[in-house]
Each structure stands twice: as C-alpha cells, then as structure tokens.
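Geometric and topological summary
These are the residues of each chain, in order.
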Amino acid sequence: MQDATVLEMRDMEKSFNGIPVLKKARFELRRGEIHALMGGNGAGKSTLMKILTGVYTRDAGTLVLDGRTLDFQTPGEAEAAGVAMIFQELSLVPTLTVAQNILLHREPRRMGGFLDDGEARRRAAEILADLGEDIDPRLPVELLSTGARQMVEIAKALSKNTRILIMDEPTSSLSEAETQSLFRIARRLRDGGISIVYISHRMSEIFTICDRVTVMRDGATVLTDACSNVGMDGLIEAMLGTGSVAALTYRERPQVPAGQRPVLEVEGLDVGDRVRGASFAVHAGEIVGLAGLMGSGRTEIAEAVFGVRPASAGTVRIDGEPVATVAEAMAAGVALVPEDRRRQGLVLEHTMHANFMLPSLKRFARGLFVRDREAAVEGEAAVRDLKIRTDGLGKVVRLLSGGNQQKVVLAKWLARHPKLLILDEPTVGVDIGAKSDIVEIVRAIADRGTAVLVISSEFEELLALSDRLVVLHDGRVVQTMERRDIASEEVLHHAVQG
Ligand SMILES: Nc1ncnc2c1ncn2[C@@H]1O[C@H](COP(=O)(O)OP(=O)(O)OP(=O)(O)O)[C@@H](O)[C@H]1O
Ligand SMILES: [Mg+2]
C-alpha cells in the first residue's frame with residue numbers, strides 16, 4: 001500500500017478576529033512520502049499544521065486520518081493519533097538530559113512508582129542508535145548543538161509511535177553537515193512508512209528532499225503535484241502568482257575613495273578560541289560580506305564588534321575610537337540585527353508599533369510624541385517596503401507569521417540610519433519574493449553612507465550584496481576578495497572550504 005492516503009484535510013477555514021487566514025485550504029498526505037508545504041510569508045502554512053496538531057481548532061472543514069473523520073481539540077489528541085510537529089522554536093527542556101527529554105511525561109517507572117533512569121537511558125539510546133545518531137543520552141540538552149537538539153526532537157517524536165511528522169523550517173540554523181544528516185534520517189523514516197510534511201523557504205532543498213509539493217497562497221491551496229512535474233519556475237509562480245522573482249544579482253557600486261578612514265577597523269581580534277587574530281575594515285557606504293562555514297567565527301566577530309561578546313585580545317574601532325561594550329557601540333552608531341531575531345530582536349508580547357517605539361539609538365530618545373509619530377511612519381514604511389503581512393501596526397508581534405516577525409526586526413534597524421549596520425543572516429525564514437527586496441533595501445542604506453557588514457550562509461545572497469568579501473576559516477581571516485574578481489559561486493565555495 002505504497003500510495004495509500006493517510007491524511008486528507010478538506011475545505012479548512014480559520015479566521016482570527018474576523019480576518020480569514022485559511023480559505024477552503026486542502027492538504028493530502030500519502031503513506032511514506034516527504035511532502036513539501038510551500039507558500040509566501042503569512043500564506044497560512046503554520047496555521048494549517050497547527051490545526052493538524054490540535055494547537056488550533058478549525059472553524060470549518062473536514063479532517064480524515066486513516067479513513068476516520070477526526071476533530072482534535074488538544075495537542076494530546078493529535079499526538080495519540082500519531083501526529084507530531086517539530087516547531088520552528090524547539091520545545092526541549094534545556095536543563096534536562098537527552099533521555100529525560102525524549103521520554104518526558106512517559107518516564108519508565110519501577111515497582112513502587114520510582115523513576116527508572118537506567119531504563120530511560122537504555123530506551124533513549126536505542127531510538128538514537130536507530131536514527132544512526134551518536135548522542136549521549138545522559139547529557140543535558142543545553143550542551144548540545146542545534147543540530148543534535150533537533151535529532152533529540154525527532155527521537156522524541158519517534159518514541160511516541162508518530163506516523164506523521166511535521167518539520168517547520170528545520171534547517172534554518174543547521175550547518176551543512178547537520179542538514180545532510182537530517183536529510184538522511186528523513187529519507188530513512190519515509191522508507192519506513194512515516195509521512196513527513198516539510199516546510200522550508202529554501203527552494204533548492206525542496207527539490208533535493210521532497211517527493212511532492214503543495215503550495216498555499218493567501219490561505220488557499222493552489223497546487224499539489226510531484227516535485228518532478230513542477231520545476232523551480234512553476235513553484236515560484238504558484239507561490240507568488242507571478243512568473244518570476246527579481247534575481248539576486250550583483251550590482252557594481254562606487255569605489256571607496258583612496259585614503260578614506262574606515263568606519264569599522266578590527267585589528268588582531270581574538271574571541272576565546274573561536275576567533276583568532278582577525279583584522280579587516282569596512283568603509284562608509286561599503287558592503288562587506290563575512291563568508292565562512294557555520295562555526296568559522298562569523299557570528300562571534302559580529303557580536304564582538306557590537307560588544308555583546310568580550311574580545312580576549314585586539315581592538316575594535318569606530319571612526320578611530322575604540323569600543324568594547326554594547327553601550328559604547330550603540331553610542332558610536334553601531335546596530336546589530338542578530339541571527340536569532342525572535343529571541344533577541346523583538347518583544348513578542350508587544351505590538352508592532354511598540355516594537356518600533358523601543359528606543360535604540362540616541363535619535364529616538366526624544367519626546368514621546370515625536371517618537372510615537374516616527375514609530376508610526378517607520379512602521380508603515382516597513383509594512384509597505386518589506387511587504388509585511390499584518391492587519392495593522394496594533395498587531396501583537398507573536399501573532400505574525402514567522403517570516404513576518406523576521407521582517408519586523410529587520411525593518412526596525414533598517415530605519416535607524418546607523419553608522420555601521422551588522423546583519424547576521426538577514427533573509428533567514430523570509431520567502432523568496434521578499435529576499436530581493438531586502439537586498440535592494442540594504443543597498444539603499446549603504447548608498448546613504450552607512451557601512452554594512454553582512455553574514456550569510458547563502459552564497460548567492462552574499463555575492464549579490466557584497467562589494468568585498470572577508471573569508472573566514474576556523475576563526476582566522478584567510479583571504480579578502482573584491483567582489484568583481486569573483487567569477488562564480490564555485491570560487492567562493494572553494495575559498496570558504498579552505
Ligand atoms: N493566533 C493568531 N492570531 C491572529 N493572527 C494570527 C494568529 N496565528 C496566525 N495569524 C495570522 O495568520 C496568517 C498566516 O500565518 P502563518 O503563521 O500560518 O503563515 P506561514 O505561512 O506559516 O508564514 P511564514 O512562512 O512566515 O512562517 C498571518 O497573517 C498571521 O499573522
Ligand atoms: Mg510559519
């Protein structure tokens with residue numbers, strides 16, 4: 001029964017505060033397939049999957065699982081029916097061990113009701129070994145890398161007889177090797193008869209790992225087909241309703257005048273054992289890309305420049321003045337858009353408007369009335385330029401879709417006209433339609449004289465944006481390249497591999 005349908009969702013409707021988010025959406029899943037769920041930011045993907053997992057209840061529609069019409073009222077009911085989801089923000093308890101997390105609330109007990117830790121470890125080790133993962137079940141989860149934590153999430157799902165596994169943007173903070181290992185496991189699970197729903201904005205992944213694809217647009221399902229029948233252009237067209245998106249292309253920008261003093265000078269920077277002796281500079285109006293594999297020290301450099309991570313040696317200067325703390329960096333006009341924006345860049349329980357009001361640079365520390373008006377102007381510009389999908393600036397940020405939350409943080413900093421803007425993975429979680437918009441906006445900021453330092457794992461984006469590339473390997477700067485001297489993506493790949 002290879003092609004048997006395990007799940008059918010028909011005519012799903014959901015509104016929040018009278019605003020429809022799902023409009024007769026449908027989704028169908030077969031046994032033993034990896035099924036991509038695609039669509040622009042705010043299209044309704046996570047909402048549809050939250051109905052499947054019992055987090056939200058639907059307003060209308062039919063859900064048929066294994067031939068039975070069901071209606072999950074709680075996540076527990078969905079779990080009992082074999083549905084599990086790995087969330088964009090992982091749900092493990094950091095201070096508990098791997099084994100404790102995998103068997104949380106279902107701990108094996110000895111006679112008399114005492115916890116049987118030995119048995120828990122044995123069972124956890126068995127599931128992990130089955131996945132081909134070498135993770136010590138006794139370690140607290142907080143000591144694990146993101147990739148390993150995700151494997152623990154998967155092990156936890158499998159320990160519950162999961163037959164439908166939903167992954168919402170699983171690779172956005174995984175290294176290349178971790179991504180490959182996730183793909184290997186996803187294929188194994190599929191071949192064992194588990195059905196996987198795979199949500200991602202990385203288009204190339206879809207064609208690598210998925211069998212079929214469903215595309216949502218504006219809350220409705222617009223396409224379901226085999227990936228091999230769709231192709232990249234067809235997929236983009238279905239997602240955005242237009243045949244093509246602006247390509248991420250490099251545009252040569254004016255050269256820095258000779259002899260001009262850089263805005264940022266990094267000299268002999270050490271950050272623990274993660275960065276060793278890094279030196280480079282960024283000038284006003286220049287966009288410099290930090291290229292390197294995950295773990296090569298990119299984020300550590302960004303954080304040391306912004307003062308959130310102490311440098312163990314070396315200096316960071318802004319306009320010739322040394323800075324060492326966040327307060328000094330901010331006073332000197334440095335802004336950092338962190339990689340983990342949901343946790344570091346936003347107050348999730350506040351409205352969009354309030355998030356734009358948060359004073360960050362001196363310019364904003366003026367009268368409340370002025371700030372309020374500026375925040376409204378900035379907020380409206382952000383919604384327009386970055387196509388943020390919201391029913392108003394009064395919306396609480398937590399209720400925006402994942403990609404739209406990313407855009408809010410980005411917009412907030414882009415509006416600040418800092419002297420130096422540091423962007424760590426500026427387009428993570430953002431749909432393909434908005435990527436080129438973000439590239440254009442960053443260029444416009446540099447054109448106005450801001451010095452820009454950008455980190456990205458996507459070479460295409462790095463090559464589109466950067467005037468110059470600083471290549472890192474193992475915490476050291478191994479090379480600096482002018483963008484115009486780089487003939488192809490392969491050249492950069494090669495440099496980064498060391
Ligand atoms: N609890 C809620 N209250 C109000 N609005 C909500 C709520 N949950 C989701 N929405 C809205 O529903 C729409 C769809 O959001 P959803 O999270 O499903 O999008 P998505 O397709 O997953 O997007 P992304 O790719 O950005 O993650 C968005 O406009 C979002 O703001
Ligand atoms: Mg989502």
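Residues numbered from 1 in each chain as written. Chains lettered and ligands numbered in written order. Predicted model: local features only at pLDDT ≥ 70, side-chain atom pairs only at ≥ 80, totals over all residues. Heavy atoms only, no water.

1. Considering empty space enclosed by the protein
Remark: the empty space left among the atoms is shown by a probe the size of a water molecule rolled over them. The criterion, for reference: Here a cavity means grid points, on a 1 Å grid over the protein atoms only, where a 1.4 Å probe fits yet cannot get out; a pocket means an open set of points with protein on both sides within 12 Å along at least five of seven lines; lining residues are those with an atom within 4 Å of a point. Grid points are joined across faces, edges and corners, and a volume is the space filled by probe spheres set on the points. Classification convention: Asp, Glu, Lys, Arg as charged; Ala, Val, Leu, Ile, Met, Phe, Trp, Tyr, Cys, Pro as nonpolar; all other residues, Gly among them, as polar.
For the structure shown, the criterion picks out one cavity of 30 Å³ or more. In this structure, the largest cavity encloses a volume near 80 Å³. Taken together, Glu169, Thr171, Ser172, Ser200, His201, Arg202, Thr427, Val428, Gly429, Val430, Lys435 and Glu458 form the lining of the largest cavity. In the lining of the largest cavity, the residues fall into two nonpolar, six polar and four charged.

2. Considerations on the sheet that holds strand 2 (residues 19-30)
Working definition: the strands of a sheet are paired by backbone hydrogen bonds and lie parallel or antiparallel to each other. To be explicit about the condition: Strands are labelled as partners when DSSP assigns at least two bridges between them. Only DSSP runs of H or I reaching four residues or more are called helices, and only runs of E reaching two or more are called strands; each is numbered from the N terminus. Working convention: axes come from line fits to C-alpha atoms, limited for helices to the stretch in contact. Angles between N-to-C directions cover 0 to 180 degrees. We call two residues in contact when some of their heavy atoms are within 4.5 Å.
Sheet architecture is open: four strands sit in the order 2-1-4-5, paired in antiparallel fashion. Strands at the two margins of the open sheet, each flanked by one partner only, are strand 2 and strand 5 (68-70). Across the sheet, the axes of successive neighbouring strands diverge by a mean angle of 25 degrees, strand direction being ignored. Helix-sheet contacts for helix 1 (residues 45-52) involve strand 1 (5-16), strand 2 and strand 4 (60-65), and the interaxial angle to strand 1 is about 115 degrees.

3. Let's talk about the environment of His201
Rule in force here: A 1.4 Å probe rolled over the protein chains alone gives each residue an accessible area, and that area as a share of the maximum for its type sets the label: buried under 20%, exposed over 50%, partly exposed in between. Pairing of N or O atoms within 3.5 Å defines a polar contact, subject to two protein rules: one partner must be a possible hydrogen donor and the other a possible acceptor, and residues neighboring in sequence count only if both atoms are side-chain atoms.
Here His201 shows up in the loop between strand 8 (195-199) and helix 7 (203-209). Given the relative accessible area of 7%, His201 is considered buried. Along the primary structure His201 and Ser172 are separated by 29 residues, whereas in three dimensions their C-alpha atoms are 9.0 Å apart. Contact partners of His201, with chain neighbours within four places excluded, come to Gly39, Gly40, Asn41, Lys45, Glu169, Gly429, Val430, Asp431 and Lys435. A polar contact of 3.3 Å, which involves the side chain of His201, links it to the side chain of Asn41.

4. Quick word on the pattern of salt bridges
Note the cut-off: For salt bridges, the criterion is a side-chain nitrogen of Lys or Arg within 4 Å of an Asp or Glu carboxyl oxygen.
Tallied over the entire structure, the rule returns 36 salt bridges. Linking Glu8 and Arg10 is a salt bridge whose minimum nitrogen-to-oxygen distance equals 3.1 Å. Given the relative accessible area of 35%, Arg10 is considered partly exposed. Its salt-bridge partner being Glu440, residue Arg251 comes within 4.0 Å of it at the nearest N-O pair. Of the two residues, Arg251 is situated in the loop between helix 8 (227-240) and strand 11 (264-271) and Glu440 in helix 15 (residues 432-447); the sequence distance between them amounts to 189 residues. When its relative accessible area of 38% is taken as the criterion, Arg251 is described as partly exposed.

5. Details of unusual backbone geometry
Look at Glu169: it is not a glycine, yet its phi comes out positive at around 45 degrees. Take Glu169: it is sitting in the loop between strand 7 (164-168) and helix 6 (176-191). On the basis of relative accessibility, which here comes to 11%, the residue Glu169 falls in the buried class. Positive phi, normally seen in glycine, also occurs at Glu425, with a value near 55 degrees. Mapped onto the fold, Glu425 is located in the loop between strand 17 (420-424) and helix 15.

6. A short note on helix 6
As a reminder, the rule being used: By this rule, a helix spans an expected 1.5 Å times one less than how many residues it contains.
Counted at 1.5 Å a residue, the expected span for helix 6 with its 16 residues is 22 Å, and the 23 Å between its end C-alpha atoms agrees. Of all the positions in helix 6, only Glu178, Thr179, Ser181, Leu182, Phe183, Ile185, Ala186, Leu189 and Arg190 are classed as buried.

7. Side note on the site of ligand 1
How we decide: We define proximity as follows: a residue is near a molecule or strand when any one of its heavy atoms falls within 4 Å of that partner. Throughout, the Shrake-Rupley method with a 1.4 Å probe supplies accessible areas, and for residues the shown protein chains are the sole cover considered.
Among the 19 residues in the neighbourhood of ligand 1, the closest are listed as Lys45, Thr47, Leu399, Ser401 and Gly403. In this structure, an oxygen atom belonging to ligand 1 sits 2.8 Å away from a main-chain N or O atom of Leu399. When ligand 1 is considered free in solution it has 640 Å² of accessible area, and contact with the protein chains removes 92% of it. Counting residues per element, the ones that place at least two in the shell around ligand 1 are helix 1 and helix 14 (402-414).

8. Regarding the pairing of strand 2
Pairing geometry for strand 1 and strand 2, over eight bridges, is antiparallel. Paired with Lys14 across the strands is Leu22, a residue of strand 2.

9. Quick notes on helix 9 (residues 298-306)
Burial analysis of helix 9 places nine of its nine residues in the buried class, the great majority of the element. Taken together, the buried positions of helix 9 are Arg298, Thr299, Glu300, Ile301, Ala302, Glu303, Ala304, Val305 and Phe306. Just beyond helix 9, the residue with positive phi is Gly307, at close to 85 degrees.

10. A look at the state of the cysteines
To keep it simple, the criterion reads: The definition used for a disulfide is geometric: two cysteine sulfur atoms within 2.5 Å.
Under the criterion given, the structure shown has zero disulfides. Cysteine Cys210 is unpaired, with the sulfur of Cys227 as its nearest cysteine sulfur at 5.4 Å.

11. Quick look at the nonpolar core
The nonpolar side chains of a soluble globular protein tend to be buried with one another. How we decide: Buried Ala, Val, Leu, Ile, Met, Phe, Trp, Tyr and Cys residues that are joined via side-chain atoms within 4.5 Å together make up what is termed a nonpolar core.
Ranked by size, the top nonpolar core spans 47 residues in total, and within it Met38, Ile154, Leu165 and Leu235 carry the most contacts. Once residues within four sequence positions are removed from consideration, Leu165 is found in contact with Ala84, Ile86, Ile154, Ala157, Leu189, Ile194, Ser195, Ile196 and Val197. Membership of the second largest hydrophobic core comes to 45 residues, among which are Leu346, Ala375, Val454 and Ala495.

12. Quick notes on the layout of surface pockets
By volume, the second largest pocket is sized at about 1100 Å³. Taken together, 37 residues make up the lining of the second largest pocket; nearest its centre are Arg202, Ser204, Ser457, Glu458 and Phe459. Listing elements by their share of the lining of the second largest pocket, those giving two or more residues are helix 6, helix 7, helix 8, helix 15, helix 16 (459-465) and helix 17 (489-497). Looking at the lining of the second largest pocket element by element, the count peaks at five residues for helix 6.

Taken by themselves, the reported measurements are silent on function.
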